[in-house]
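What the coordinates show
Residue strings, one per chain:
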Amino acid sequence: MTAAPVTPEGPGLVRALRRRDLVGLLLNAMMGAGMLAAPAKVFGLAGDWSFVVLAISALILLPLILCFADLGSRFTATGGPYVYAGNALPPVVAFSVGWLLWISQALSVATLSNLLVSYLAGFIPEISAGLPRLALIAGLGALLTGIVLTGIRRSAGASNTLVVLKVGFVLAFLVACVAFVQPERLSITSTAPSPITLAQAILIYLFAYSGFERGSVVAGESRDPKRDVPIALIGSVAAVTLAYAAVLLICVGVLAVPSATDRPLAEAGRQVFGPAGALAVSLGAGAVILGTILGILISMPRMLLAISEQGQLPKVLGRVHTHWRTPWVAILVSSGLSFGFAIFSDLIGALTFATATRLVAYILCCIALFRMSRRADAPQPQFRLPAAGVIALITAALFSGVLALGATKELPPLLTVLAIGLACFAFTRLSRRRKAP
């Protein structure tokens, strides 16, 4: 039995986001760890096959992006993937999609916060551990949470500013370093990695791309989501792929062993321009990280809001501030969890687990699209994917294979996290039934 159509349009939310705001949110979501950490991590696994890994990742992602463009053009409500699953799958499955994506975003904040600490520790070693590290993460959380609390327009404005800085950083980095690329380092001379190693490397880039669903999560605050979400999604992914390729080109072409550092961009800047180059790249990397974390903190609470409005989590999480028109309780809860994870997690552990949780949600959304494609009463898309049902099933199978090969270690903790969420789901439903007249 499927859920009733989900329409979690929160009372008090305002439709203030323009198409360029959605593009900014998506660029901030994807232009983060993928540029800063992935070149070193992927090279450590795949060596001179790193460009092949990026190409395979982009090709694997393409049908998923098209599936989400089709889905995004059908709905106008807050919640994105949770809404999609709620319109085609049982309520408990829809909840699982929303819950896993919410948790994965908290883990993404943890990954990025630790990455920021790593970059800054290259200049101030004292902040890499202990009380200084705790103070840095807590201060970062307080600053960004304050921006997100005070309104969607202010949040979008800050996001757009950071996107401009990000794009400027990537272009400047490419122009400054491309002349120092050694072409012989770009050729493939080693044997291909094993399927498991290849899948693990692909997962790192899939983590980098993950976050593309955030444009649909804030659809309830977009002026024309059915039209703007698909356009913003496809355009942003294309631009981000070019950015990943440019940064990987510099890291592999300039550094003899890109995997020897957690800060490959800063190391490339240091080798080319000395300490001043490393400092300039680190400042640019800081803008990249801040923008990505801000984008997560904008979309993450909206997922809690949508789930709460459907009675699957406590009602208090759906409260909207009367003046700021933001889901303030969900924002505080989401930020607290995210930066709590940041304090107690490491970089790569949070990265791989966040990717595994997202992949499960993406697979379920593809299954939802398959079911919608077979229903005459399903919401009709403005962006219609040809043979949507077939492509959705193939995409679900493909990502299931990547998950099975590359994230077997993450499956037990993933099931644990899901069990915790289902316990919250059951407790909330039981409490509401007891309160009902």
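Each chain has its residues counted from 1, following the order in which its sequence is written. In view of the model being predicted, local features appear only for residues whose pLDDT reaches at least 70, and side-chain atom pairs are presented and counted only at 80 or more, with totals across whole chains, interfaces and linings using the full set of residues. The basis for every side-chain value is the complete set of heavy atoms in the structure, and neither hydrogens nor water enter the calculation.

**Digging into the overall build of the chain**
What counts, and what does not: Counting from the N terminus, the helices are the DSSP runs of H or I reaching at least four residues and the strands are the DSSP runs of E reaching at least two. When we talk radius of gyration, it's over C-alpha atoms, and the globule rule is simply 2.2 Å times the number of residues to the 0.38. To sort residues, take the accessible area from a 1.4 Å probe on protein chains only and compare it with the maximum for the residue type: under 20% means buried, over 50% means exposed, and anything in between is partly exposed. The contact criterion used is simple: two residues touch if any of their non-hydrogen atoms lie within 4.5 Å. Every accessible area reported is derived by Shrake-Rupley at a probe size of 1.4 Å, with residue values counting cover from the shown protein chains alone.
Counting its secondary structure elements, the chain contains 17 helices and zero strands. Computed over its C-alpha atoms, the radius of gyration of the chain comes to 21 Å, within 12% of the 22 Å expected for a compact globule of 437 residues. Relative to its full complement of 437 residues, the chain shows a buried share of 57%. If you take every contact in the chain between residues at least 6 apart in sequence, the share linking residues at least 24 apart comes to 86%. Summing over all exposed atoms, the chain offers an accessible surface of approximately 16,600 Å²; the carbon and sulfur share of this is 69%.

**Some details on the confidence of the model for the chain**
For clarity, the cut-off: Each residue carries a pLDDT score, the predictor's own confidence in it, on a scale running from 0 to 100.
Scored by pLDDT, the chain has a mean of 87; 95% of the residues are at 70 or more. Averaged over each element, pLDDT in the chain is lowest for helix 2 (residues 33-36) (73) and highest for helix 5 (residues 81-86) (94). Below a pLDDT of 50 lies the segment residues 1-10, which in the model reaches 33 contacts outside its immediate sequence neighbourhood of four places, other chains included.

**Some thoughts on helix 12 (residues 264-273)**
Of all the residues in helix 12, the buried ones are Pro264, Leu265, Ala266, Ala268, Gly269 and Val272. Note on helix 12: the residue one or two positions beyond its end, glycine 274, has a positive phi of about 80°.

**Here we look at a nonpolar patch on the surface**
Keep this limit in mind: Residues enter patches when their relative accessible area tops 30% and they take part in no salt bridge; the joining distance is 9 Å for like charges and 5 Å for the nonpolar side chains Val, Leu, Ile, Met, Phe, Trp and Tyr. What makes a salt bridge here is a side-chain nitrogen of Lys or Arg within 4 Å of a carboxyl oxygen of Asp or Glu, nothing more.
Taken together, Phe123, Ile124, Leu279 and Leu283 make up a surface patch of nonpolar side chains, about 380 Å² in accessible area. Relative to the helices and strands, isoleucine 124 resides in the loop between helix 6 (91-121) and helix 7 (130-149). On the accessibility criterion, isoleucine 124 (44% relative accessible area) is partly exposed.

**Digging into the environment of valine 320**
Looking at the secondary structure, you find valine 320 in the loop between helix 13 (275-309) and helix 14 (328-344). Along the chain, valine 320 and leucine 305 lie 15 residues apart, while their C-alpha atoms are 8.8 Å from each other.

**Let's talk about the nonpolar core**
Worth spelling out the cut-off: Nonpolar cores are built from buried Ala, Val, Leu, Ile, Met, Phe, Trp, Tyr and Cys residues. Side-chain atoms within 4.5 Å join them into one set.
Membership of the largest hydrophobic core comes to 142 residues, with the highest contact counts inside it found for Tyr205, Phe212, Tyr244, Leu265 and Ile293. Ranked by residue count, the leading element in this core is helix 6, at 17 residues.

**Here we look at the packing of helix 4 (residues 50-72) against helix 9 (residues 195-209)**
Threshold: Note on method: axes are straight lines fitted to C-alpha atoms, helices fitted across the in-contact stretch only, with angles between N-to-C directions ranging 0 to 180 degrees. Reported orientations rely on four angle classes, namely roughly parallel under 35 degrees, roughly antiparallel over 145, roughly perpendicular from 65 to 115, and oblique for the rest. Should the near helix be turned counterclockwise from the far one by less than a right angle, the crossing is left-handed, whereas a clockwise turn marks it as right-handed. In the scheme used here, Gly and all other residues not listed as nonpolar or charged are polar, with Ala, Val, Leu, Ile, Met, Phe, Trp, Tyr, Cys and Pro taken as nonpolar and Asp, Glu, Lys and Arg as charged.
Interaxial distance between helix 4 and helix 9 falls to 9 Å at its minimum, and their mutual angle equals 60°. Here helix 9 runs oblique to helix 4, going by the angle between their axes. Classified by chirality, the crossing of helix 9 by helix 4 is right-handed. On helix 9, the residues touching Val53, Leu54, Ile56, Ser57, Ala58, Ile60 and Leu61 of helix 4 are Leu198, Ala201, Ile202, Tyr205, Leu206 and Tyr209. Taken together, the residues of the contact of helix 4 with helix 9 sort by class into 12 nonpolar, one polar and no charged.

**Side note on the packing of aromatic side chains**
Put simply, the rule reads: A pair of Phe, Tyr and Trp rings is counted when the ring centres sit within 6.5 Å of each other, with Trp represented by its six-membered ring. The angle between the planes then sorts it: under 30 degrees is stacked, over 60 is edge-to-face, the rest tilted.
Tallied over the entire structure, the rule returns 12 aromatic pairs. Ring centres 5.7 Å apart and planes at 80° place the aromatic pair phenylalanine 68 and tyrosine 362 in the edge-to-face group. Taken together, the residues phenylalanine 68 in helix 4 and tyrosine 362 in helix 15 (residues 347-373) connect sequence positions 294 residues apart. Note on tyrosine 209 and tyrosine 244: the rings are 5.0 Å apart at their centroids and 65° apart in plane angle, and the pair reads as edge-to-face. In this pair, tyrosine 209 sits in helix 9 while tyrosine 244 sits in helix 11 (residues 225-254), placing the two residues 35 residues apart along the sequence. As far as the burial class goes, tyrosine 209 and tyrosine 244 line up, both buried. Chaining the aromatic ring pairs together yields one cluster made of Phe68, Phe75, Tyr84, Phe212 and Tyr362.

**Regarding the pattern of salt bridges**
It is possible for side chains bearing opposite charge to pair when their charged atoms get close. Taken as a whole and judged by the stated rule, the model has nine salt bridges. The shortest N-O distance in the salt bridge between aspartate 228 and arginine 19 comes to 2.9 Å. In this pair, aspartate 228 sits in helix 11 while arginine 19 sits in helix 1 (residues 19-30), placing the two residues 209 residues apart along the sequence. Taking the shortest distance from any N to any O, the salt bridge between arginine 358 and glutamate 213 comes out at 3.4 Å. Of the two residues, arginine 358 sits in helix 15 while glutamate 213 sits in the loop between helix 9 and helix 10 (214-217), which places them 145 residues apart along the sequence. The two residues arginine 358 and glutamate 213 agree in class, both being buried. Salt bridges sharing partners connect three or more residues here, namely Arg18, Asp21 and Arg153.

**Description of the side chain of arginine 74**
The cut-off we apply is this: Contacts described as polar in this section are N or O atom pairs within 3.5 Å, which, within protein, must combine one atom able to donate a hydrogen with one able to accept it, while residues neighboring in sequence count only if both atoms come from side chains.
Residue placement: arginine 74 occurs in the loop between helix 4 and helix 5. Engagement of the side chain of arginine 74 in a polar contact is seen with the side chain of aspartate 70, the distance being 2.7 Å. The residues contacting arginine 74, other than those within four sequence positions of it, are Lys226, Leu369, Met372, Ala378, Pro379, Gln380 and Pro381.

**Remarks on a positive patch on the surface**
Keep this limit in mind: Neither His nor the chain ends contribute to the count of charged residues, in which Lys and Arg are positive and Asp and Glu negative. For this purpose, a charge sits on NZ of Lys, CZ of Arg, CG of Asp or CD of Glu.
A surface patch of like charges, here positive, comprises Lys315, Arg319, Arg432 and Lys435. Looking at the element boundaries, lysine 435 is found in helix 17 (residues 411-435).

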